Amino acid sequence: MKKKLLALLLAVGMAVSLCACGDSGDSGAAPVYDENPTAPDNSWAAEEPNETTEPDSEPMPPESTTDAPIPDPTPITTESYKPKGLILMTITNANFSDPKIYCVNIETGDSRLIAEWDFRPRQGDTLVYSLGAGFRCGRRECFADDYSKVAVSQMDSQSGQTCAGWLDADGNFFNVSEALGQLNRSDFDDVVQYYAVGFADDEFFVYYQVSNRIEYHYVPLDNLDSSAIQDGLPFPGCESGEFPEEKITDYIGDSRFLVNAGGKFAGNDGVSTILNMETGEKTNYVPGTSRLSWHAVVSPDGEQVAFMSQPKSGTEVNIYTMPLAGGDPVKVPTEGFELSGQHRCENGPNIDGQCTMLVEWK
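Residues numbered from 1 in each chain as written. Predicted model: local features only at pLDDT ≥ 70, side-chain atom pairs only at ≥ 80, totals over all residues. Heavy atoms only, no water.

Draft legend 1. A look at the sheet that holds strand β6 (residues 162-168). With antiparallel pairing, four strands are arranged side by side in an open sheet as β4-β5-β6-β7. In this open sheet, the two strands that pair with only one neighbour each are β4 (127-131) and β7 (173-175). Between one strand axis and the next, the sheet turns through 40° on average, direction left out of account. Relative to strand β5 (residues 149-156), β4 is paired through five bridges, and the arrangement is antiparallel. Considered in β5, the bridge of Tyr129 is made with Gln154. (Pairing = 2+ DSSP bridges. Helix = DSSP H or I, 4+ residues; strand = E, 2+ residues; numbered from the N terminus. Axes fitted to C-alpha atoms, helices over the stretch in contact; angles between N-to-C directions.)

Laid out in structure tokens, this is it:
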């Protein structure tokens, strides 16, 4: 009887074990079946970090609920302005220390201010600036080709030292004399005197030194080193430092120059001619004798000339263009742009109001 009961219990136990086994894909032994499994303890979840989060990482900031603009990864750039037309300079004082540069459209007469500086001395200033000193070789050389820089001399009233350099569009002074190692090394050295002339073909910076005599020098803009200094003047017609009696306003080519007659500060007696430096021959290109004409410049193709002009018996000032070989002058529309008369610029100390100069034709 006991044997039959034992056999029955064994049979029931085997049946229960077979029911507890599932097809887990494992070839190992079946797990032990527990009729009263206990619930897992999940209390650690509130204290321990989630296994998918690195313990050392910082929490992510909450997402913004506002629609903030997304910056463009590619900044928008515009091409720098390239002057094309007639370039005029205006100043309002005898020291030429507030130049403004305008570009005038020849066809429409529209003008645009492209550069301006104001280095007039103020009370208490120890550093004073003056415009480049190449007055006999025209005004064009005072400025870099894109009119981003103007050649100036920096005078220190405390030390008596004068340096040559330029001011950029923001009014920052770059000291070429210092870059070339030309400053005094001792308080007991002779005070240096270097004066700016300007820029030649946007390749050289030109200056002169005053000691026992005036000595002109120039140095490449891309190599401001004392070993690169050259002597003389790289301007056509002014290579030797000897200036003609007339003021050169532009270079035509083949030893021919546009010049203003007159030995005054601005070289402006209202007589503008073509001068051949080799032969000394002068040619009047303005038709008739009823007008004063000055500050002539040649067109980029060398075929035309532009000049300022007013009647000898009147005060109205205009700008004209005409073929360099001769022909009828054509008035340039300049409504809205103040043009000053010839007498305002003929002598620095006597400038009355604004003085306007035709500088270049680009």
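Having seen it, we continue.
Draft legend 2. View of the environment of Thr289. Counting through the fold element by element, Thr289 comes out in the loop between β15 (282-283) and β16 (291-298). A relative accessible area of 67% means that Thr289 is categorised as exposed. Expressed as a C-alpha distance, the spacing of Thr289 and Pro311, which sit 22 residues apart in the sequence, is 9.3 Å. (Buried < 20%, exposed > 50% of the residue type's maximum accessible area, 1.4 Å probe, protein only.)

Draft legend 3. Representation of the packing of aromatic side chains in the model. Tallied over the full model, the rule gives 15 aromatic pairs. Seen from their ring centres, Tyr129 and Phe173 are 5.3 Å apart, and the 55° between their planes marks the pair as tilted. With Tyr129 in strand β4 and Phe173 in strand β7, this pair connects stretches of sequence that are 44 residues apart. Among the residues examined, Tyr129 registers a relative accessible area of 18% and is labelled buried. Judged by its relative accessible area of 21%, Phe173 falls in the partly exposed class. The interplanar angle of 50° and the centroid separation of 5.4 Å between the aromatic rings of Tyr208 and Tyr216 together place this pair among those described as tilted. (Phe/Tyr/Trp six-rings, centres within 6.5 Å; stacked < 30°, edge-to-face > 60°.)

Draft legend 4. Region of the structure containing the side chain of Asn260. Turning to its location among the elements, Asn260 is positioned in strand β13 (residues 256-260). Only 3.3 Å separates the side chain of Asn260 from the backbone nitrogen of His295, close enough to count as a polar contact. (Polar contact = N/O pair within 3.5 Å; in protein donor to acceptor, adjacent residues only side chain to side chain.)

Draft legend 5. Spatial organisation of the nonpolar core. Counting residues in hydrophobic clusters, the biggest one holds 20 residues, and the most contacted among them are Met89, Ile101, Trp117 and Phe143. Residue assignment for this core shows that the elements contributing at least two residues are β1 (86-91), β2 (100-104), β4, β5 and β20 (355-361). Beyond its immediate chain neighbours, meaning those up to four positions away, Ile101 contacts Ile87, Leu88, Met89, Arg112, Leu113, Ile114, Ala115, Trp117, Phe143 and Tyr147. Membership of the second largest hydrophobic core comes to 16 residues, among which are Trp294, Ala306, Val332 and Leu358. (Core = buried A, V, L, I, M, F, W, Y, C linked by side-chain atoms within 4.5 Å. Contact = heavy atoms within 4.5 Å.)

Draft legend 6. Summary view of the sheet that holds strand β9 (residues 204-210). The four strands lie next to each other as β8-β9-β10-β11, forming an open sheet whose pairing is antiparallel. The open sheet has two edge strands with one neighbour each: β8 (194-200) and β11 (230-231). The pairing of strand β10 (residues 214-220) with β11 spans two bridges and is classified as antiparallel. Each bridged residue has a counterpart across the sheet, and for His217 the counterpart in β11 is Asp231.

Draft legend 7. Structural detail: the pairing of β6. When you tally the buried positions in β6, you get six out of seven residues, the bulk of the element. Sheet topology note: the β5/β6 ladder contains seven bridges and is antiparallel. Each bridged residue has a counterpart across the sheet, and for Gln154 the counterpart in β6 is Cys163. Linking β5 to β6, which pair antiparallel, is a turn of five residues; within it Gly160 sits at a positive phi near 80°. Sheet topology places β6 next to β7; three bridges connect them, and they run antiparallel. When the sheet's bridge partners are listed, Leu167 is paired in β7 with Phe173. Between β6 and β7, which pair antiparallel and follow one another directly, the connecting turn spans four residues, one of which, Gly171, has a positive phi of 85°.

On their own, these measurements won't tell you what the molecule is for.
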